[in-house]
Amino acid sequence: MNKQELIERMAGKTGLTKKDCGTALDGFLSAVTEALQAGEAVKLVGLGSFEVKRRAARTGRNPQTKEPVEIPAQTIPVFKAGTGLKNSVAD
């Protein structure tokens, strides 16, 4: 599902217009992004949590040449699914 399909599904479930759902989704994404940039975690009960993790620098390997490659430290956003979401998609 892409962003437009999500907006259409949101509109169908809420009765809001696609434009309003698009604005709401953009606002949600913007708020989550700003919180993560500020180093805050975003926890949504039943869905999961977004947070920022720091990956340490490490040595990897180029798979073509087998040469060692230094991989720099990175700050990355991560999403951890909550119990409600896990249970709803479990087999």
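Up top is the structure.
One structure accompanies this document, and this report is about it. (Residues numbered from 1 in each chain as written. Predicted model: local features only at pLDDT ≥ 70, side-chain atom pairs only at ≥ 80, totals over all residues. Heavy atoms only, no water.)

## As for the side chain of Ser49
Here Ser49 lies in strand β2 (residues 48-55). For Ser49, the residues in contact, after removing those within four places along its chain, are Val42, Lys43, Val78, Phe79 and Lys80. (Helix = DSSP H or I, 4+ residues; strand = E, 2+ residues; numbered from the N terminus. Contact = heavy atoms within 4.5 Å.)

## Structural notes on unusual backbone geometry
Unlike most non-glycine residues, Lys66 shows phi in positive territory, near 65 degrees. Tracing the backbone through its elements, the reader meets Lys66 in the loop between β3 (58-61) and β4 (68-71).

## Brief notes about the environment of Lys19
With respect to the element layout, Lys19 can be found in helix α2 (residues 18-37). It is 20 Å that separates the C-alpha atoms of Lys19 and Val32, two residues lying 13 residues apart in sequence.

## So, the pairing of β3
Two strands pair when backbone bridges link them, and β3 and β4 are joined in this way by four bridges, in the antiparallel orientation. Within β4, the position partnered with Gly60 by the bridge is Val69. Here β3 folds back onto β4, and the loop between the two strands holds six residues, one of which, Lys66, carries a positive phi near 65 degrees. (Pairing = 2+ DSSP bridges.)

## Observations regarding the environment of Lys53
Looking at where Lys53 falls in the secondary structure, it is placed in strand β2. Along the primary structure Lys53 and Gln37 are separated by 16 residues, whereas in three dimensions their C-alpha atoms are 11 Å apart. With sequence-adjacent residues up to four places away left out, Lys53 is seen in contact with Gln74, Thr75, Ile76 and Val78.

## Description of the nonpolar core
Val32, Ala35, Leu36, Val42 and Phe50 form the largest nonpolar core, which has five residues in total. For Leu36, the residues in contact, after removing those within four places along its chain, are Phe50, Glu51, Val52 and Pro77. (Core = buried A, V, L, I, M, F, W, Y, C linked by side-chain atoms within 4.5 Å. Buried < 20%, exposed > 50% of the residue type's maximum accessible area, 1.4 Å probe, protein only.)

## Some details on the layout of surface pockets
Considering only enclosed or pocket space, the largest pocket measures out at about 260 Å³ in volume. What lines the largest pocket is simply Leu25, Phe28, Leu29, Val32, Thr33, Leu36, Leu47, Phe50 and Phe79. For the lining of the largest pocket, the leading source of residues is α2, giving six residues. Of the residues that constitute the lining of the largest pocket, the class distribution is eight nonpolar, one polar and no charged. (1 Å grid on protein atoms, 1.4 Å probe; cavity = no way out; pocket = protein on both sides within 12 Å on 5 of 7 lines; lining within 4 Å. Points joined across faces, edges and corners; volume = space filled by probe spheres on them. Nonpolar A, V, L, I, M, F, W, Y, C, P; charged D, E, K, R; others polar.)

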